[in-house]
Amino acid sequence: MEELYIYTDCSFYSKHSKIKWSSIILTDDEEFVYSKSHTLEDVRKEFNLATDHPVNQHFGEFLAINNTLATILKIGKGLKKQGKPIKRVVIHTDSENAFLAIHKKRKFKPHLIGLNLMSQSCRMLKEQYKQADIELEICWIPGHAQIYGNVVANKWTKIHTLNKSEFESALI
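Residues numbered from 1 in each chain as written. Predicted model: local features only at pLDDT ≥ 70, side-chain atom pairs only at ≥ 80, totals over all residues. Heavy atoms only, no water.

A. Expanded view of the side chain of N150. In this fold, N150 is placed in helix α5 (residues 148–161). For N150, a relative accessible area of 4% translates into the label buried. Discounting residues that sit within four places of it in the chain, N150 has contacts with Y7, T8, D94, I141, G143 and H144. (Helix = DSSP H or I, 4+ residues; strand = E, 2+ residues; numbered from the N terminus. Buried < 20%, exposed > 50% of the residue type's maximum accessible area, 1.4 Å probe, protein only. Contact = heavy atoms within 4.5 Å.)

This is the structure in structure tokens:
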């Protein structure tokens, strides 16, 4: 497991007040799904945001990238102790906003302080990867371009976000 290829996706459903994201982690011979759901209230609390601070799909994209990077870093430390280091991680996101913000090419307006905090958190994780001697590449890929990992991440996210009747209608 020297190299990991990761694809992230997010769904935001305001009527459910939830953000759901999934990451598909591909190795040479295995595929893993890492998926989580956050209420909007939980996101605001985690980042010390005002109760009326806007939370949207962009937050979900950052949550997917940030949480996946943090988890892989922890796993990588354990594998390194076992003599099976992760040497390279390539994470693919279809969020151009997240990609640009992480690479310091976009800064969000001051009233969206939460997105700036999340992009800063991702940049801090990039530094931790350097310190752990793990090469990290974060790439933007166009959404809905039928790229395998992105398609799978999108399907997992939708499956876990929709309620039963919405899921059934999404399949039609």
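B. Seen up close, the nonpolar core. By size, the foremost hydrophobic cluster in this structure holds 39 residues, and its most contacted members are I19, F59, F62, L69, I72, V89 and Y129. Counting 6 residues, the second largest nonpolar core, distinct from the first, contains Y7, I24, V152 and A153. (Core = buried A, V, L, I, M, F, W, Y, C linked by side-chain atoms within 4.5 Å.)

C. Local environment of the pattern of salt bridges. Under the criterion given, the structure shown has 6 salt bridges. Of the charged contacts, one joins R88 and E137 as a salt bridge, the two residues approaching to 2.8 Å between their closest N and O atoms. Here R88, found in strand β4 (residues 88–93), pairs with E137, found in strand β5 (residues 135–140); they are 49 residues apart in sequence, far enough to count as distant. For E127, the salt bridge identified is with K130, shortest N-O distance 3.4 Å. Of this pair, E127 and K130 both sit in helix α4 (residues 113–131), 3 residues apart, roughly one helical turn. Its relative accessible area of 40% is what places E127 among the partly exposed residues. A residue is classified by how much of its surface remains accessible, and K130, at 60% relative accessible area, is exposed. A cluster of three or more residues bridged by salt bridges with shared partners is formed by E3, R88, E135 and E137. (Salt bridge = Lys/Arg side-chain N within 4 Å of Asp/Glu carboxyl O.)

D. Molecular detail of unusual backbone geometry. The phi angle at N48 is positive, at roughly 50 degrees, despite the residue not being glycine. Within the secondary structure, N48 is located in the loop between α1 (40–46) and α2 (57–81). Even without a glycine there, the phi angle at K104 is positive, about 60 degrees. Assignment of secondary structure puts K104 in the loop between α3 (96–102) and α4.

E. Inspection of the side chain of H38 at higher detail. The topology assignment puts H38 in strand β3 (residues 31–39). Judged by relative accessible area, H38 falls into the buried class, the value being 9%. At a separation of 3.0 Å, a polar atom in the side chain of H38 contacts the side chain of W21. Not counting residues within four places of it along the chain, the set of residues in contact with H38 comprises S17, K18, I19, W21, V43, L63 and N67. (Polar contact = N/O pair within 3.5 Å; in protein donor to acceptor, adjacent residues only side chain to side chain.)

F. A look at the environment of F47. Secondary-structure assignment places F47 in the loop between α1 and α2. On the accessibility criterion, F47 (14% relative accessible area) is buried. Non-local contacts of F47, meaning those with residues more than four positions away in its chain, are made with L63, L117 and M118.

G. Quick peek at the sheet that holds strand β1 (residues 3–13). One open sheet holds the 5 strands; their spatial order is β3-β2-β1-β4-β5, and the pairing between them is mixed. Pairing within the sheet leaves two strands with one partner each, and these edge strands are β3 and β5. The mean inter-strand angle of the sheet, taken between neighbouring strand axes irrespective of direction, is 20 degrees. Strand direction decides the pairing type here: strand β2 (residues 18–26) and β3, joined by 9 bridges, are antiparallel. Within the sheet, the bridge partner assigned to W21 lies in β3 and is K36. (Pairing = 2+ DSSP bridges. Axes fitted to C-alpha atoms, helices over the stretch in contact; angles between N-to-C directions.)

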